[in-house]
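Structural overview
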Amino acid sequence: MKIFFYVQHLLGIGHLRRAATLAQALETAGFQVTLASGGRPVAGYRVLQLPPASADAGFKQLLDENGNPVDEAWKRRRREALLGAYAAAAPDVLLTELFPFGRRQMRFELLPLLGMAKEGAKRPLIVCSVRDVIQSKPERETEIAECFERYYDRLLVHGDPQVAGFERSFGATPRLAGKLHYTGYVVQDLPAADSDAGAGEVLISAGGGATGQHLLETAIAARPLTSLRDRKWRVLAGVNAADLAGLQARAGAGVIVERFRNDFTQRLRNCVVSVSQAGYNTVLETLQARTRAVLVPFAVGGESEQTLRASLLAERGLVQMVEEAALTPATLAAAVDRAAARPRPAPGAIDLGGARRSAELLHEWLG
């Protein structure tokens, strides 16, 4: 059985990481997966690369591979590449990541793709794959629901309804009844513990690093104010960090600043406290490792997805949270001390079986 899986990452690589984890689980379950990626190429991911697109920090402008605003000629070239790849794949399942609940900028190619799939001689199962929480504008929810009803057979929500019901971020959820299926959260299996790397450290991370500069600078300034000031603090700035040299200049004794670590999940398991933003992948890796954590959700430009996720987890006592607008060295230091004083999250606190369950559901639906 063949799956054509469309994913578009624009700013960070979180969407691609989740899609790749899901694709790997689908292949393990016996599916042949074509993962078509429309974002900038990222080393280490096996994808069918479309002409790459990105976005500015406010997601207002779609940019081409050279960083210029896209034009109609670029859109036509990109659309033709996508439709050609889909036709060549001839899949049994068309899986779109996030759309129509996001990626509105890509309607120029996704609506033709959905039309081609629905009206073609071989009608695939059409499924949307979406994270636990979305960035939804109430005035667009009717349009989104109508698009979903027109084209889609099923909705895979990669979350745990005991933590975050989809209705918390999408008010028209009742219209999806019968098609919405929770899978649990999608996260890569945690490698076996094979070292004590990072034991006793405070681990600061900002994912890809494109939006985390203020958090990293504040964390360095917060260290002397915490009860963990004598511990080693490791700051992972991310591959897209804007000012690595500036962070290293601020660091001082006892603080290590690096772009990334290949052993990040091992260090996450061993650290005494983790401080990060609240993106889907980072949060799930943190909870899987049962790490004491402080989340500072990205909230620039009206972004609400990370704030809602962090607040729901904080309500369950699984993390400490500092809102980005309230972030200072003092507020972050207090949150670090609160986290350090708490026990690690209990095993099984949330459902982490989303990758496996997604494959099981697709098998059931295809018979």
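Structure first, text after, so check above.
**Considering the overall build of the protein**
- Looking only at helices and strands, the protein features 11 helices and 15 strands.
- Its C-alpha atoms give the protein a radius of gyration of 21 Å, near enough to 21 Å, the size a compact globule of 367 residues would have.
- For the protein, the spread of C-alpha atoms along the three principal axes comes to 65 × 45 × 40 Å.
- Across the 367 residues in the protein, those meeting the buried criterion constitute 53%.
- If you take every contact in the protein between residues at least 6 apart in sequence, the share linking residues at least 24 apart comes to 73%.
- Counting only carbon and sulfur atoms, one obtains 49% of the accessible surface of the protein, whose full area is about 15300 Å².
- Between the centroid of the 44 positive side chains of the protein and the centroid of its 39 negative side chains there is a distance of 1 Å.

**Thoughts on the packing of helix α5 (residues 213-222) against helix α10 (residues 329-340)**
- Where α5 contacts α10, the two axes come as close as 8 Å, and the packing angle between them is 70°. Between α5 and α10, the crossing angle belongs to the class labelled roughly perpendicular. Across the interface between the two elements, L215, T218, A219, A221 and A222 of α5 pack against P329, L332 and A333 of α10.
- Here the contact of α5 with α10 is built from residues that sort into seven nonpolar, one polar and no charged.

The rules behind each value
Residues numbered from 1 in each chain as written. Predicted model: local features only at pLDDT ≥ 70, side-chain atom pairs only at ≥ 80, totals over all residues. Heavy atoms only, no water. Helix = DSSP H or I, 4+ residues; strand = E, 2+ residues; numbered from the N terminus. Rg over C-alpha atoms; globule rule 2.2 N^0.38 Å. Buried < 20%, exposed > 50% of the residue type's maximum accessible area, 1.4 Å probe, protein only. Contact = heavy atoms within 4.5 Å. Areas by Shrake-Rupley, 256 points an atom, 1.4 Å probe, with all protein chains shown as cover. Lys, Arg positive; Asp, Glu negative; His and termini not counted. Charge placed at Lys NZ, Arg CZ, Asp CG, Glu CD. Axes fitted to C-alpha atoms, helices over the stretch in contact; angles between N-to-C directions. Parallel < 35°, antiparallel > 145°, perpendicular 65-115°, else oblique. Nonpolar A, V, L, I, M, F, W, Y, C, P; charged D, E, K, R; others polar.

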